[in-house]
Amino acid sequence: MTSSLHYDAVVVGVGVAGLTAAIRLAEGGARVCVLAKGVGSTHLAPGTVDVLGYRPERVEHPAAALPEFVGAHPDHPYALIGPDAIAPALDRFAALIERGPQPGYRYTGGLDRNHLLPTAVGAIRPSALVPETMAAGDARSSVPVCVVGMRVLRDFHASLCAGNIRRAGIPARAVEVEIDVGRVEANSLGLARRFDDESFRAAFVGRLALLLRPGERVALPAVLGLRDPHGAWSDLQRRLGRAVFEVPTLPPSAPGMRVYNALVAALRAAGGRLVLGAEVLDVEREGDRVTGVRAHTSGHDTIYHAGWIVLATGGFASGGIELGSDWAASETILGLSLQGMPRPGEARFTADYFGHQPMAGVGVAVDSSLRARETENVYVAGAALPGAVPWREGSGQGIALATGHFAAQAVLEREGAAATA
Amino acid sequence: MEKLSADVLVIGGGATGAGVAWDAALRGLDVVLVERGDLATGTSGRFHGLLHSGGRYAVKDPSAAHECARENGVVRHVAADCVEDTGGLFVATPFDDPAYADRFAEGCRKTGVPCEEIEPARALREEPRLNPGISRAFRVPDGSIEVWKLVWALARGAQDRGARVLPYHEVVAVHRGGDQVHGARVRNTRTGQELDVEAAVTVSASGAWAGQIAAMAGIEGVHVKPGRGIMIAMSHRLVNTVINRCQLPTDGDIIVPIETVCVIGTTDVGTDDPDDHTIIQAEVDAMLEDGERLVPGFKQARALRVWTGVRPLFEDRKENGATDTRDVTRAHALLDHRERDGVTGFFTITGGKLTTYRLMAEETVDAVCLQLGDARPCTTSAEPLAGSENGEYHRVGDRLGRREQRLLDDQLICECELIPRKRIEETIRWRGTTDLDDLRRLLRLGMGPCQGGFCIYRVAGILHGLDGIDTPDANAGLIDYVRERWKGVWPVLYGDQLRQARLDEWIYQGVLDVEHLQ
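About the criteria used
- Residues numbered from 1 in each chain as written.
- Chains lettered and ligands numbered in written order.
- Predicted model: local features only at pLDDT ≥ 70, side-chain atom pairs only at ≥ 80, totals over all residues.
- Helix = DSSP H or I, 4+ residues; strand = E, 2+ residues; numbered from the N terminus.
- Contact = placed C-beta atoms within 7 Å.
- Pairing = 2+ DSSP bridges.
- Expected span 1.5 Å × (residues − 1).
- Buried ≥ 20, exposed ≤ 12 C-beta atoms within 10 Å, placed from the backbone.
- Axes fitted to C-alpha atoms, helices over the stretch in contact; angles between N-to-C directions.
- Nonpolar A, V, L, I, M, F, W, Y, C, P; charged D, E, K, R; others polar.
- Domains from an automatic or database assignment.
- Parallel < 35°, antiparallel > 145°, perpendicular 65-115°, else oblique.
- Core = buried A, V, L, I, M, F, W, Y, C linked by C-beta atoms within 7 Å.
- pLDDT = per-residue confidence, 0-100.

What follows concerns the overall build of chain A. Secondary structure summary: chain A contains eleven helices and 19 strands in total. Each of the three principal axes of chain A carries a C-alpha extent, and together these read 70 × 45 × 45 Å. Restricting to contacts in chain A with at least 6 residues of sequence separation, those with at least 24 account for 69%.

Before going further, it helps to examine the pairing of strand β10 (residues 169–177) of chain B. All names here are of chain B. With seven bridges joining them, β10 and strand β11 (residues 180–188) adopt antiparallel strand pairing. In the sheet register, Val171 faces β11, and the bridge partner there is Val186. The antiparallel pairing of β10 with β11 creates a hairpin that spans two residues between the two strands, and Gly178 there sits at a positive phi of about 60°.

What follows covers helix α2 (residues 62–78) of chain B. All names here are of chain B. Between its first and last C-alpha, α2 extends 24 Å over 17 residues, near the 24 Å set by a 1.5 Å rise per residue. Listed as buried for α2 are Ala64, Ala65, Glu67, Cys68, Ala69, Glu71, Asn72, Val75 and Val78. In this structure, the buried residues of α2 make contact with β3 (50–51), β4 (83–84), α3 (100–111) and α9 (357–372).

Let's shift gears to the sheet that holds strand β8 (residues 172–177) of chain A. Residue and element names in this part refer to chain A. What the four strands build is an open sheet, ordered β8-β7-β9-β10; its pairing is parallel. If you trace the sheet from one side to the other, it starts and ends with β8 and β10 (244–247), each paired once. Recorded for the sheet is a direction-independent mean angle of 30° between the axes of neighbouring strands. Both strand β7 (residues 145–150) and β8 contribute to a ladder of six bridges, which runs parallel. Its bridge partner being in β8, Val148 is matched across the sheet by Val175.

This paragraph deals with the interface of chain B and chain A. Between chain B and chain A, the residue contacts involve 45 residues of the former and 37 residues of the latter. Element by element, the count of residues in the side of chain B that touches chain A is highest for helix α15 (residues 495–511) of chain B, at eleven residues. Grouping the amino acids of the side of chain B that touches chain A by side-chain chemistry returns 22 nonpolar, twelve polar and eleven charged.

What follows concerns the domain arrangement of chain A. All names here are of chain A. Once the domains are mapped, chain A shows domain 1 (1–107 + 251–274 + 373–421) and domain 2 (135–247). Taken over C-alpha atoms, the centre of domain 1 sits 31 Å from the centre of domain 2. In this assembly, eleven residues from domain 1 lie in contact with twelve residues from domain 2. Residue classes in the side of domain 1 that touches domain 2 are distributed as six nonpolar, four polar and one charged.

Direction vectors running N to C along helix α5 (residues 158–167) of chain A and helix α14 (residues 471–489) of chain B enclose 105°, while the axes themselves pass 9 Å from each other. By the criterion of interaxial angle, the relationship of α5 of chain A to α14 of chain B is roughly perpendicular. Contacts between α5 of chain A and α14 of chain B involve Leu160, Gly163, Asn164 and Arg167 of chain A from the former and Thr471, Ala474 and Asn475 of chain B from the latter. Split into classes, the residues belonging to the contact of α5 of chain A with α14 of chain B amount to two nonpolar, four polar and one charged.

A few words on α5 of chain A. All names here are of chain A. Counted residue by residue, α5 has eight buried out of ten residues, so it is predominantly covered. The set of residues buried in α5 consists of Ala158, Ser159, Leu160, Cys161, Ala162, Gly163, Asn164 and Ile165. Backbone geometry just after α5 places Gly169 at a positive phi near 100°.

Right, let's get into the environment of Gly221 of chain B. All names here are of chain B. With respect to the secondary-structure elements, Gly221 resides in the loop between α6 (210–216) and β13 (222–235). Owing to 17 C-beta atoms within 10 Å, Gly221 belongs among the partly exposed residues under this scheme. When the C-alpha atoms of Gly221 and Leu493 are compared, they prove to be 42 Å apart, with 272 residues separating the residues in sequence.

Counting 317 residues, the largest nonpolar core has Val310 and Leu311 of chain A together with Ala21 and Val31 of chain B as the members making the most contacts within it. Setting aside residues no more than four positions away along its own chain, Ala21 of chain B makes contact with Val10, Val31, Leu33, Leu154, Ala155, Ala158, Ala163 and Val165 of chain B.

Moving on: the sheet that holds β4 of chain B. An order of β3-β8-β4 (chain B) is seen for the three strands of this open sheet, with the pairing classed as antiparallel. Single-partner strands in this sheet number two, and they are β3 and β4 of chain B.

Moving on, we come to the environment of Asp23 of chain B. Position of Asp23 of chain B among the secondary structure elements: in helix α1 (residues 15–26). Expressed as a C-alpha distance, the spacing of Asp23 of chain B and Leu408 of chain B, which sit 385 residues apart in the sequence, is 42 Å.

Below, the discussion takes up the domain arrangement of chain B. Residues and elements named next belong to chain B. Segmenting chain B into domains produces domain 1 (83–142 + 226–308) and domain 2 (398–516). Measuring from the centre of the C-alpha atoms in domain 1 to the corresponding centre in domain 2 gives 29 Å. Contacts between the two partners involve 14 residues from domain 1, matched on the other side by 13 residues from domain 2. Counting residues per element, the ones that place at least two in the side of domain 1 that touches domain 2 are β13, α7 (281–294) and β18 (303–316). Top contributing element to the side of domain 1 that touches domain 2 by residue count: β18, with five residues. By residue class, the composition of the side of domain 1 that touches domain 2 is seven nonpolar, four polar and three charged.

Attention shifts here to unusual backbone geometry. Each neighbour pair has its own omega, and for Pro251 of chain A with Pro252 of chain A the value is 0°, a cis peptide bond. The residue Pro252 of chain A is located in the loop between β10 and α9 (254–269) in this model. Of note, the amide linkage connecting Gly265 of chain B to Thr266 of chain B takes the cis form, showing an omega dihedral of -20°. Here Thr266 of chain B is to be found in the loop between β16 (261–265) and β17 (269–270). At Tyr168 of chain B, a position not held by glycine, the phi torsion is positive, near 60°. Relative to the helices and strands, Tyr168 of chain B is located in the loop between β9 (164–166) and β10. Residue classification places Tyr168 of chain B among the buried positions, given that 21 C-beta atoms sit within 10 Å. In this model, Arg444 of chain B sits at a positive phi of 65°, which is unusual for a non-glycine residue. Assignment of secondary structure puts Arg444 of chain B in the loop between α12 (436–443) and α13 (455–465).

This next bit is on the confidence of the model for chain B. A low pLDDT score tells you not to read the predicted coordinates there in detail. All names here are of chain B. Of the residues in chain B, 98% reach a pLDDT of 70 or more, and the chain-wide mean stands at 93. Below a pLDDT of 50 lies the segment residues 320–330, which in the model reaches 21 contacts outside its immediate sequence neighbourhood of four places, other chains included. Scoring of the predicted complex yields 0.91 for pTM and 0.96 for ipTM.

Structure (C-alpha cells):
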C-alpha cells in the first residue's frame, strides 16, 4: 500500500546541511518534511564549525582569507554562493543552538579569527565557531594543560595528546582517572550520558582534583554531557576551580549529537517534520520538475509530493554519491549528473595519501543558485556539492551551514516570486 | 664491532628461512637468522594464504603436486593452530575447458592428491554463492594458513632452542675467504649498527633475492626471476571453502577464505626487481572480472585492499657448470655451492611454495649436516610447533569465542579482527616492538573492513601511554600507517569501501588532523 502526503518542500538528508535548509524553509513559512535513511554526519563530526582551516597553509582569519580562496577555487561551493553568504548562516546556527533544548549551551567565535584547538592526537586544528565547552583549549594561550584520560574510554589517549600539545609549545602533561561505569569499556556516548549526572561528576572530580597542579587548565575528551552539556561543563569548572575544555575524538561524537538534537528541535519548533528510516526508492517527475519522492518507511511506501526538493544526501561518505566497480559514479536518489569526475583513463586516486586525489572534488552539477542543472526545482546543499575537499580544507560544517541556508533562501525567493506573480 | 658466531647463519626470515632455523635448532645446531625487514614480509607475507592440496599442480607439474600432497598432511599436523581446515573445491565453470576435469581427476590419482568428485548441486549447497553454472566439482584437502603465525611459531620455537633471530638486520657483505664462505656482516636497519656473524655454514633462504645474496658471495648465475602477482582481499568470506577453477593454473582462478576475509589471486608477470610492488589498474579490473566468473556478484562486494607478491622462479644460468647437482625437484632448488661453484659453507634454497617450506628446510639442513660431517636426523615432521600440540585446527570463530568469555574484563581495541587490549599489550611486551606494522602482522590489527580506521589511533595511544614510544615516533607511526594503508587501498576504492575510506579520511584528516602534527 502506498500512501501520499503533500508538502511545499521535501529535504532529503538529515546532516547539518539538510537540517539547516529545512529549518530555514519552515521558518520561511513552507511546509517541510525531512526524509533520511539514518542520522547524518553530525554523529561523526567533532561538533565544531570549521569554515576554512587550510588553504593549504593554516588560516588564522577566515574572513580575510575567503575572498582570495574563492578566487583561487572558482568551482568551490563558497565561490558559487559568495563568501558573504557564510556569516549570516553562522549567526543563525549560533542562535539556534542558544535557544535549543540544551539550556545555556552556546557556541563562540566567528569568521574573524579561527580558534586553534587540540585534537585527540594533540594536533592543532583551526575552527571558526566552537562550543563554549571547547574554547579554553585555544593553543594561543600558554596556560599549562593537564590532559585527562580515562582507561575505560579506548577512543581517547591522554599521553599522546599531551605529547603533541607540548610539541606545539604549550606545557602539557597527562593523567589518567579510574572511573567505574560498571564495565571495562565505554564510548563517548555512554560517558556523555554519565556526565549529565551530577553525582557522577562529583565522584569524578573527587578523583581528578587530587591529580591537578595549580594553574593548569584541564582537557577532557568531549564527553561532558548530552542532555545538559552547559550544566555539566560549568559544574566541572566550578568544582575544579579552573578552566575545563573538551577535546573531540573518534565517533560517536557527543558534541555532534548536541548539534543534531538542537537542530531537530528547531525544525520541530518551526513546524517541520522529520522521518527517519525513510529510504528513498524513486521519484515522480513532470518534465524537468521532480514532483514527488517515494520512500520506504516501516512497513509501507509513501509518496511525498512537494513543489521543491532539497538534496542534502552528502557525498561518497554518506552514500549520496556512489562509485561502482565499473568506475561509473552516480548520484543515488535522482541520478543527477556529476561534476568533477576524472575523465576515462585519468587517475581516480593517486598513491600519495596526502596528495591530490582527483575523485575528491566530485559532486552534483549545480548552477550558481545551487539548483541541480537538469532540474527545475531541485536544490543541492552540503557535501553533495562539487569542488571542495572539506576534510582537508577544514570547511565541512561551513559549507553545510552556508549552502543549506542559501539553498533554502533560493527556494523561498522563488516561492515568494510565484506567490506574488 | 659486535660479533656473533654460530654453526649456521640463515639469511632470510620468510617461511623457508624460519623453517631452516627451526629444523637446524631442533637438530641441536647453533643458529643465527637475519632478515632485512620484519619476519615474513617478503614473499611469505605477501601470498594468498593457501595451503595447497596439490590439486592446482596435478596436471601441470606432477612432482610439485606430489610434494604438496605429502607436505599438506605434515603441516596440518605440526602447525595445526596456523591452519584452518576449509577444504577446497575445484569447479568447472562455463568458462573452463570441459575436457580438463577428467585430466584433473587422473592427475590427482597419479600424484596422490586426495580428490573426490561430488555432485555440482552438493557443491552449490555448500557454497551457495558459487556460479550456478558449474558442471563438475571435486573436493580436495586445501586449507588456509595464517603465515605470520606460522613463521613466528617457527622462529620462537628456534629461539627456545637457543637460536638468535634478528629481524630488521640486512646483509651488507657476505664474508668469503678463498673458497669458503664463513658468515656475513649485517646492519641493524633501525639503529644502523653493524654486526659480524661468523658461521660454519651460511644458508641463503632469501627467495626472490637469492641472486643478490649469491652475488655478494661472488657467485654468479644464481638467477631468480621474480614473478609478480596481485592479490585482492575482499571484505568478509564470500566462500568458506578454497575455490579453484578446474583448469590449467591461470590468473584470478582461486579464492581463499582466510580469517575474516577472502583473497582472490593471482597474476604472474615477470619483473626484474623483487622489490617492485607496482599495482596495475588493468590487472585489478581483470581480477575482479575473474572473481565474477567464480562468484557472481563479486564485483559488488567490498574490496579491502590489493597487494603484490613475488614468486621466486629459479633458473640456473651457470654456464658449463655442474648444475642441478642435488636432487632438486622442479618446485624448489637447493644449491650446494661447493658442488656447483667450489665454494664451501654456502647453500642457496629458493623457489618452492609456502606449503613445502618444511620439506625445503629438511633437505637444506640435511645437506648442511652432510657438509658439517655430522649427520643428525630431521624431526620437524613429528614435532608440533608451539600452540599446535593438541592438533586442533584454527577456527575462524576462535577469537570471537575467546572474546565472549572475557567480555567483562577486557576492552576491544580492533572490532574488525576482535583484538582485545590485553592481547595488544602482551604482544608489545614479548615482541619488544613499538612498530604499528609489526603489530599488524602479529595480530592482524587493522586488516579488517575498516582498515585501521579506529584501531590505529587507539594502538598508537596505547603504545605512547606505555612509554613504548615518544611523541615524534607515535606521530610518524600513525602517518606512515595511513600512508602505507592507502597504497593498497586506492586501486580498489569503489562501492562501500570508498565510503569506508572517506570515513577514515574524515577521522584522520578531519577530526584528528594527523597531517598537521608537528
